[in-house]
Structure formats: structure tokens, C-alpha cells
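Report on the structure
In case you want the letters, here they are:
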Amino acid sequence: MKKNEEKLKEDFAKREEEIKKEMWIKALKVAEEKQQEEIKKRELETMDLKNRLGEAEKKQQESIKQELELRKKTRELEEKSKNQEIENARKLDEERKKMAEEIEKNQAKLMEEKLLIIQEDHRKKELEKDKQMDNLKKSLEEANRKAMQ
């Protein structure tokens, strides 16, 4: 009985040892599976983060490109605006010059017209004076002739 009991204890110890080994192996397998799952999960997260980073970099590059385009267009618009201002100033100066010349021409024309009117008036007055002189001469001659008679 003691032999049996010792044998049973031995068998039990062996069986317990085998069960422990099996449990240990199962635990290692489960831990390894969990570790593999965790690795896969982290790899997926890493890939996702890399993709996000790539997309973010793309968006950043696109934003930079758009900003550069916008700045370029803004500079072009400012340049066009300045050129337009210069052109407008030139046109305005040219118009002022033309208007000044036209005013001068009009003033010269008016002066000529006034001069012609004054000359005509002067000529008329002179003709009238000459006529009066002729009339006076005739009156004087007639008075002289009558005085002589």
C-alpha cells in the first residue's frame, strides 16, 4: 500500500509536472499570440501614422504651393495696380497738357477776335472821322467860297 501510495504520489507529481509544463506551454503560446497580435496592431498603427504623416506632408506641401501661388498672384495684382496708377497718371498729365494747349489756343483765338473787333471799330471810327473831316473840309470850302462871293 505504501508502495502504491508512493507510486501514486510519484505519478501524481509527474502528472502535475506534465500539467504544469502543458499549462506553461499554453501560457507561453497565449502570451506569444498576444505579443504577435500586439506587434501586428502596432505595425498597423505605425502604418496608419505613416500614412497620416504622408497625407499631412502632402497637404502641407499643397498648402505651401497654394500660398506661393496666392502670393505670386497678389504681387502680380499689386504690380498691375501700380502700373495702372502710373498709366492713369500719365494719361491725366497728357489730358491736362492737351487741355492747357486747347485753352491757350482758345485764348489766342479770342484775343485775335477781340483784336479784329477793336481794329474794325478803330477803322470804322477812322472812316467816320475821315468822313467828318471831308464834310468839314467841304463845309469850310463852301464857307470860303460863299465868303469869296
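Residues numbered from 1 in each chain as written. Predicted model: local features only at pLDDT ≥ 70, side-chain atom pairs only at ≥ 80, totals over all residues. Heavy atoms only, no water.

1. Some thoughts on the overall build of the chain
Helices and strands together make up the secondary structure of the chain, namely 1 helix and 0 strands. Computed over the C-alpha atoms, the radius of gyration of the chain is 62 Å, more than 25% above the 15 Å expected from 2.2 N^0.38 for a compact globule of 149 residues. Its C-alpha atoms give the chain principal-axis dimensions of about 215 × 15 × 10 Å. Looking at the 149 residues of the chain, the share that counts as buried comes to 0%. Looking at the chain as shown, the accessible area adds up to about 15600 Å², and 54% of this sits on carbon and sulfur atoms. A distance of 1 Å separates the average location of the 42 positive side-chain charges in the chain from that of its 41 negative side-chain charges. (Helix = DSSP H or I, 4+ residues; strand = E, 2+ residues; numbered from the N terminus. Rg over C-alpha atoms; globule rule 2.2 N^0.38 Å. Buried < 20%, exposed > 50% of the residue type's maximum accessible area, 1.4 Å probe, protein only. Areas by Shrake-Rupley, 256 points an atom, 1.4 Å probe, with all protein chains shown as cover. Lys, Arg positive; Asp, Glu negative; His and termini not counted. Charge placed at Lys NZ, Arg CZ, Asp CG, Glu CD.)

2. Thoughts on the environment of L68
Tracing the backbone through its elements, the reader meets L68 in helix α1 (residues 2-148). Taking C-alpha positions, L68 is 85 Å from E126, a pair spaced 58 residues apart along the chain.

3. Considering the pattern of salt bridges
Per the stated rule, a full pass over the model turns up 9 salt bridges. Note that D48 is salt-bridged to R52, the shortest N-O span being 3.1 Å. Separated by 4 residues within a single helix, D48 and R52 lie in helix α1, roughly one turn from each other. You can call D48 partly exposed: its relative accessible area is 34%. A residue is classified by how much of its surface remains accessible, and R52, at 52% relative accessible area, is exposed. Among the salt bridges present, the one from R96 reaches D93, with a minimum N-O distance of 3.9 Å. Of this pair, R96 and D93 are both found in helix α1, 3 residues apart, which corresponds to roughly one turn of the helix. (Salt bridge = Lys/Arg side-chain N within 4 Å of Asp/Glu carboxyl O.)

4. Things to note about the environment of R75
Mapping R75 onto the fold places it in helix α1. Residue classification places R75 among the exposed residues on the basis of a relative accessible area of 51%. On a C-alpha basis, the gap between R75 and E101 in space is 39 Å, while along the polypeptide they are 26 residues apart.

5. Here we look at the environment of A89
Turning to its location among the elements, A89 is positioned in helix α1. According to the relative accessible area criterion, A89 is partly exposed, its value standing at 37%. Placed 48 residues apart in sequence, A89 and K137 show a C-alpha to C-alpha distance of 70 Å.

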